[in-house]
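# Reading the structure
The residues making up each chain are set out below.
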Amino acid sequence: MLRAVLAWLALLGLAGLGLTSCTSEAEVAPAWQVPGTTVPANFPVPVYGTEQNPPTREAFELGRTLFYDPRLSRTGDISCGSCHQQFVAFAHQDHRVSHGVDNLLGTRNAPALQNLRWRREFLWDGGAKHLETMPLAPITNPVEMDETLPNVLRKLNADARYPQQFARVYGPGPITSQQFLKALAQFTASLTSSNSRYDRYARHEAGAELSAGELRGLAVLRQRCGSCHAGELFTDETYRNNGLDRTFAADSGRAHITGRPQDVGRFKVPSLRNVALTPPYMHDGRFKTLQEVLDHYSQGMMESATLDQQFRRSGSGPGISLTDDEKTDLLAFLQTLTDTEFIQDQRLAEHR
C-alpha cells in the first residue's frame, strides 16, 4: 500500500514538472501575428487600413484557404495561387500569360501580388477599384477562372467545412458574398513585402549596407526612373505608355476601362519590388530578362500618339539615356529589392 502511494506521488511530481515546463515554453514563445498588419517604418499610410477589415488569425487562415482553393474556378482546377506563386512574389514563373480553365490562355501577364494595402486601383488597366472586389475580375474572366459569384457561394455553402469556418469568423448563417470577399481580402491584404536588403538600408538597420555599385544604381533609378517608380513602393500608381508598340489593337490598356483615346496604350506602372524574381516583364510578358527591359528603355521605344512625354528626347528617338555602366549598376540595385523573408514566409504558403 505504501509503495503504491509513493508511486502515485511520484507521478504527480512528474506531471507537475511537465506542466511547469510547458507553461514556461508557452511564455517565451513569440506571439503569432497576422502578416502585413504593421505598417513598415519606411512605408506611407496604407489605403486599405486594418480598421476596414480587422485582421484575426481565423479570418486570415480562412482567406488563405480560399486563395489556394481551385474550386473557386468553374472546372475546379485553377486557384488564385495557380497563377500567383509565393516563391516568385506571387507572380507566375516564366509565363508570358497564364493558363486558365480548359488550358485557355489569358491575355496579360500575371502581376506580382504584394503591398496591395497601398493600392487604390488594381490590374494592368485599373479595372478593379477596391481590394475586396478585385478577385471578381479573375473569378469571372472566361479564360481565367470562368465562374460566377453565386456558383462560388453555392459550392462554399455545400462544403463540409467552410460553413463552420465562416461561422467562427462571421457568426451563424449561410456564407454571403460580403463574407467571402472580406475573408479573401484578409489574405491578400497580408501580402506585404518590406524586408529586402534595400529596406534594411533605408531604415538604417544595423549591418544593412549597399555596395558602391548598388548605391550608384539607386542614384540612377531615382534620377532617370523615379518619376514613375517613385517612393518606397517603387511605383506612382499611374498609367503610362512606355513605347512598347506603335498601335495597340490587341490591348488598348487603360482605354479598355475609360474609353478615352488619350488612354490607349497606357498601362499601370508596376512596382519594382522583387522584380528580379518576376520575369517575364511588361503587361504581355514580352521581355524575358531585366537586361532586355533596360535595353528597351534606352533604345527600343516606339513612337505613338499617347507615348508618355517624359520619354521624348530632342534630336533622337524616344527613350531614357543609359550607358552600359549605368545599366550594370541598375541591375545590381534591383537585386537588393528581393525580399527573401516574404517569399519564404510559411504563414503565406498553402496549408493542406
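## Examining the overall build of the chain
Broken down by element type, the chain carries 13 helices and two strands. C-alpha atoms of the chain, sized along the principal axes, occupy 105 × 50 × 35 Å. Counting across all 352 residues of the chain, residues that qualify as buried make up 47%. Across the chain, every contact between residues at least 6 apart in sequence was considered, and the portion connecting residues at least 24 apart equals 68%. Carbon and sulfur atoms make up 56% of the accessible area of the chain, which amounts to about 17800 Å² in all. Treating the 36 positive side-chain charges of the chain as one cloud and the 39 negative ones as another, the clouds have centres 2 Å apart.

## Some remarks on helix 2 (residues 57–67)
For helix 2, the set of buried residues is Ala59, Phe60, Leu62, Gly63, Arg64, Leu66 and Phe67. Each element contacted by the buried residues of helix 2 is listed here: helix 3 (80–83), helix 5 (149–158), helix 6 (162–170) and helix 7 (177–188).

## Considering the pattern of salt bridges
Scanning the model with the defined rule gives 29 salt bridges in all. Arginine 254 is paired through a salt bridge with glutamate 121; the nearest N and O atoms lie 3.8 Å apart. Of the two residues, arginine 254 is situated in the loop between strand 1 (239–240) and helix 10 (255–258) and glutamate 121 in the loop between helix 3 and helix 4 (136–140); the sequence distance between them amounts to 133 residues. Comparing arginine 254 with glutamate 121, the two get one shared label, buried. Put simply, Arg57, Glu61 and Arg64 are held in one network by salt bridges that share partners.

## Re the packing of aromatic side chains
If you walk through the whole model with that rule in mind, you get 15 aromatic pairs. With centroids separated by 5.7 Å and ring planes inclined at 35°, the aromatic side chains of phenylalanine 60 and phenylalanine 187 adopt a geometry described as tilted. Taken together, the residues phenylalanine 60 in helix 2 and phenylalanine 187 in helix 7 connect sequence positions 127 residues apart. For phenylalanine 187, a relative accessible area of 0% gives the class buried. Between the aromatic rings of phenylalanine 90 and phenylalanine 187, the centroid separation amounts to 6.4 Å while the plane-to-plane angle is 75°, which identifies the pairing as edge-to-face. Here the residue phenylalanine 90 occupies a position in the loop between helix 3 and helix 4, and phenylalanine 187 occupies one in helix 7, the gap between them amounting to 97 residues. Three or more aromatic residues joined by ring pairs make a cluster, and in this case those are Trp32, Phe60, Phe67, Tyr68, Phe90, Phe187 and Phe342. When the ring centre of tryptophan 32 is taken as reference, the NZ or CZ atom of arginine 57 above it lies at 4.3 Å. For the cation-ring pair, arginine 254 lies above tyrosine 239, with the distance from its terminal atom to the ring centre recorded as 4.5 Å.

## Examining unusual backbone geometry
Cis geometry is found at the peptide bond from proline 279 to proline 280, where omega equals 0°. By secondary structure assignment, the location of proline 280 is in the loop between strand 2 (267–268) and helix 11 (290–299). Positive phi, close to 75°, is recorded for leucine 123, a residue that is not glycine. In this fold, leucine 123 is placed in the loop between helix 3 and helix 4. Owing to a relative accessible area of 33%, leucine 123 belongs among the partly exposed residues under this scheme.

## Looking at the environment of aspartate 146
Along the polypeptide, aspartate 146 turns up in the loop between helix 4 and helix 5. By relative accessible area, which is 24% here, aspartate 146 ends up partly exposed. Taking the C-alpha atoms as reference points, aspartate 146 and histidine 283, 137 residues apart in sequence, are found 21 Å from one another. Beyond its immediate sequence surroundings of up to four residues, aspartate 146 is in contact with Arg74, Val101, Pro138, Ile139, Thr140 and Asn141. In this structure the side chain of aspartate 146 is engaged in a polar contact, spanning 2.6 Å, whose partner is the side chain of arginine 74.

## Considering the confidence of the model for the chain
Low-pLDDT portions of the prediction should not be read for the details of their coordinates. On average, residues of the chain score 92 in pLDDT, and 91% of them reach the 70 mark or higher. In the predicted structure, residues 1–27 sits below a pLDDT of 50 and forms zero contacts with residues beyond four places in sequence or in another chain.

## Focus: the environment of threonine 306
Tracing the chain through its elements places threonine 306 in the loop between helix 11 and helix 12 (324–335). With a relative accessible area of 18%, threonine 306 lands in the buried category. Taking C-alpha positions, threonine 306 is 8.4 Å from proline 261, a pair spaced 45 residues apart along the chain. Setting aside its immediate chain neighbours within four residues, threonine 306 contacts Asn241, Pro261, Gln262 and Val264. Within the local environment of threonine 306, its side chain forms a polar contact with the backbone oxygen of valine 264, the two atoms lying 2.5 Å apart.

What counts, and at which threshold
Residues numbered from 1 in each chain as written. Predicted model: local features only at pLDDT ≥ 70, side-chain atom pairs only at ≥ 80, totals over all residues. Heavy atoms only, no water. Helix = DSSP H or I, 4+ residues; strand = E, 2+ residues; numbered from the N terminus. Buried < 20%, exposed > 50% of the residue type's maximum accessible area, 1.4 Å probe, protein only. Contact = heavy atoms within 4.5 Å. Areas by Shrake-Rupley, 256 points an atom, 1.4 Å probe, with all protein chains shown as cover. Lys, Arg positive; Asp, Glu negative; His and termini not counted. Charge placed at Lys NZ, Arg CZ, Asp CG, Glu CD. Salt bridge = Lys/Arg side-chain N within 4 Å of Asp/Glu carboxyl O. Phe/Tyr/Trp six-rings, centres within 6.5 Å; stacked < 30°, edge-to-face > 60°. Lys NZ or Arg CZ within 6 Å of the ring centre and 35° of its normal. Polar contact = N/O pair within 3.5 Å; in protein donor to acceptor, adjacent residues only side chain to side chain. pLDDT = per-residue confidence, 0-100.

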